[in-house]
Amino acid sequence: MFGNYLIGLREGLEASLVVCILVAYLVKTERRDALRPVWIGIGIACALSLTFGAMLEFGTQELTFEAQELLGGSLSIISVGLVTWMVFWMKRTARHLKAELHGKLDAALAMGTGALVATAFLAVGREGLETALFVWASVRASGEGSSAPLIGVLLGIATAIVLGWLFYRGALKINLAKFFKWTGAMLVVVAAGVLAYGVHDLQEARFLGGLGDKAFDISATIPPDSWYGTLLKGVFNFQPDPTVLQLTVWVLYLVPVLALFFLDRSRPASPKPQPADAAPAG
C-alpha cells in the first residue's frame, strides 16, 4: 500500500504543482478571464486519464489468461520505461518548472482560447496518462484481488491535492528539487518491482521461458500471507520465490538506474556576462 501511496503522492503532486503554477500566474497577471479555458483543459486531461485507466482495468477482463498476462507484462515494462524517463526529467527540471510553464502560458495567451485549453491539457494530460498506466501496473503487481493498493493510490492523490492547495496559498514551502530527488529514488525501487512482475507475466504467457527456474524460494521464511510478507509486497513488490530471469532483470535495472540517478552531473552555473558600463555623459 505504501508503494502505491508514494506513486499517487508524487505523481499527484506534479500535476497539482502544474495546476497551481498556471492558475497563480493568471491570477497575478490579472488574466482571470483565461482561467476558464485552463480549467477546461485540465478537466479534459483528468477525464482522459480516468478513461484510459478504466480501459486498462476493464478492457483486459475479456481476454484469455495468456493474453492478459502478455498485455499486462508488456504494459508493465512500458510503464517502467515511462516513469523512469519522468523521474529523470523531473529531477533535471524541478528548479525551472515554473519558468518553463510561464513561458508556455504567455505564448498560449497570445494565441487565444484554444491554445490555453491545449496548453493546460498537455501540461496535465501527460502526467495523468503516465500515472494511470504506472498505477495500473503497480496495483496489478502488488495486490491482485485486494483494494489496498488502490486505496493507497487514492490517499496519495488526496494528499497531493491538499499539499498543492497549501502550496498555492503560500502556507507551505518545500524544496522541490530535494523532494523529487528522494521520492524519485524510492519510485525507482517500486519500478524495479513492477518490472520484475512484468517479466513474470511474460513468463506466464509463455512469451519468455524460465518460469520454473527459481532463483531462490524463501516462502517458508517470509510467507506471502504474513503481515511482513504483505508489507514487503506492498512497498517493494517483493516476491519470495522469483525466477532467475526476474531477479536478473531486477538487479540490472535497479543498480545502474539508481547509480545514474544519484550521480551528480550538475555543473556550477557560469556567471552571466555583465553589460558594459555606460560611457559617462560628456
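Before any of the text, the structure's been laid out above.
Residues numbered from 1 in each chain as written. Predicted model: local features only at pLDDT ≥ 70, side-chain atom pairs only at ≥ 80, totals over all residues. Heavy atoms only, no water.

Participant: How would you summarise the packing of aromatic side chains if you had to cite specific residues and measurements?
Facilitator: Ring pairs (aromatic) are described by centroid distance and by the angle formed between their planes. Tallied over the entire structure, the rule returns 3 aromatic pairs. When the centroid spacing of 5.6 Å and the interplanar angle of 85 degrees are considered together, the rings of phenylalanine 88 and phenylalanine 261 count as edge-to-face. One end of the pair, phenylalanine 88, is in helix α3 (residues 65-93); the other, phenylalanine 261, is in helix α9 (residues 244-262), with 173 residues separating them in the sequence. Measuring from ring centre to ring centre gives 5.4 Å for tryptophan 182 and phenylalanine 262, while their planes differ by 50 degrees; the resulting arrangement is tilted. Taken as a pair, tryptophan 182 in helix α7 (residues 176-204) and phenylalanine 262 in helix α9 lie far apart in primary sequence, 80 residues in all. (Phe/Tyr/Trp six-rings, centres within 6.5 Å; stacked < 30°, edge-to-face > 60°. Helix = DSSP H or I, 4+ residues; strand = E, 2+ residues; numbered from the N terminus.)

Participant: Can you explain α9? Please cite residues and give values.
Facilitator: The end-to-end C-alpha distance of α9, which contains 19 residues, comes to 27 Å, matching closely the 27 Å that a straight helix rising 1.5 Å per residue would cover. Buried residues of α9: Gln246, Tyr253, Leu254, Val257 and Phe261, and no others. Here the buried residues of α9 occupy an arc of 95 degrees about the axis, which is enough to place them on one side. Counted as exposed and oriented over 90 degrees from the buried face of α9: Leu252 and Val255. (Expected span 1.5 Å × (residues − 1). Buried < 20%, exposed > 50% of the residue type's maximum accessible area, 1.4 Å probe, protein only. Arc of directions from axis to C-beta.)

Participant: So, a nonpolar patch on the surface: which residues are in play, and what are the values?
Facilitator: Together, Phe216, Leu247, Trp250, Val251 and Val255 make up an exposed nonpolar region whose accessible area comes to about 380 Å². Of note, valine 251 is situated in helix α9. Judged by relative accessible area, valine 251 falls into the partly exposed class, the value being 36%. (Patch = residues over 30% accessible without salt bridge, like charges linked within 9 Å, V, L, I, M, F, W, Y side chains within 5 Å. Areas by Shrake-Rupley, 256 points an atom, 1.4 Å probe, with all protein chains shown as cover. Salt bridge = Lys/Arg side-chain N within 4 Å of Asp/Glu carboxyl O.)

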